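Secondary and tertiary structure notes
Given next are the chains, with one letter for each unit.
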Amino acid sequence: LTQTLAGTSGTALDQAVGTWIRGFVSKEPAWETFVERRRRTLKISEQLEQYKYVQRVFDRYVGTTTPADLEGAGSVTITKARPSLPYSLRVLRAFNLPVSWGDECTETLVLTTLYGPGGTRCDDARVRDMMDAEAPVTTTIHARRFLTLLREIHGQWTI
């Protein structure tokens, strides 16, 4: 029997499931790297590793069900945030990340696969250069500039 949101606020339910997931991922070696990197300014190549780690956690938990005896979230199936997206709000809660981070993560990984090193459409030198450049201000601003570049390149390919 899959639990519905009846009687439980989405935020409380999402938080309970996120806390349950965090209990597992926080014991992984990659978690320590993720947390340490969140504390400093990253190159895009390092931010891509952050995105890939969170994406692996999405892949691992989306479609699974919490234990029946999990307080506040027993027998909850972990679903995607939206059917068209590969991430889960509940998994993002485990990382204490906003939905916008999940959107940017997914889009950046897809577009980097197309236009980054060894890209399936092209290997754009501007993408490679930006991946290894030091962040001029913050990781967030740098990552958004990178995504803007990827979108521009994608726009040129999809006209």
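These notes cover the structure that comes with them. (Residues numbered from 1 in each chain as written. Predicted model: local features only at pLDDT ≥ 70, side-chain atom pairs only at ≥ 80, totals over all residues. Heavy atoms only, no water.)

1. Focus on helix α6 (residues 125-132)
Among the residues of α6, those classed as buried are V127, M130 and M131. In a view along the axis of α6, the buried residues occupy a sector of 105 degrees, so they form one face of it. Exposed residues lying more than 90 degrees from the buried face of α6 are D129 and D132. Those residues of α6 hidden inside the fold are in contact with α3 (44-61), α5 (99-115) and α7 (139-157). In this structure D124 caps α6, since a side-chain oxygen of it lies 2.8 Å from the backbone nitrogen of R126. (Buried < 20%, exposed > 50% of the residue type's maximum accessible area, 1.4 Å probe, protein only. Helix = DSSP H or I, 4+ residues; strand = E, 2+ residues; numbered from the N terminus. Arc of directions from axis to C-beta. Contact = heavy atoms within 4.5 Å. Polar contact = N/O pair within 3.5 Å; in protein donor to acceptor, adjacent residues only side chain to side chain.)

2. Regarding α5
A rise of 1.5 Å per residue sets the reference length of α5, with its 17 residues, at 24 Å; its end C-alpha atoms lie 24 Å apart and thus fit the reference within 8%. As for α5, its buried residues are in contact with α2 (29-38), α3, α4 (89-95), α6 and α7. (Expected span 1.5 Å × (residues − 1).)

3. Some remarks on the packing of aromatic side chains
In total, this model carries 10 aromatic pairs according to the counting rule given. Centroid distance W20 to F24: 5.2 Å. Interplanar angle 85 degrees. Geometry classified as edge-to-face. Of this pair, W20 and F24 are both found in helix α1 (residues 10-25), four residues apart, which corresponds to roughly one turn of the helix. Each residue in the set W31, F34, Y51, Y53, F95 and W101 is aromatic and connected to the rest through ring pairs, giving one cluster. (Phe/Tyr/Trp six-rings, centres within 6.5 Å; stacked < 30°, edge-to-face > 60°.)

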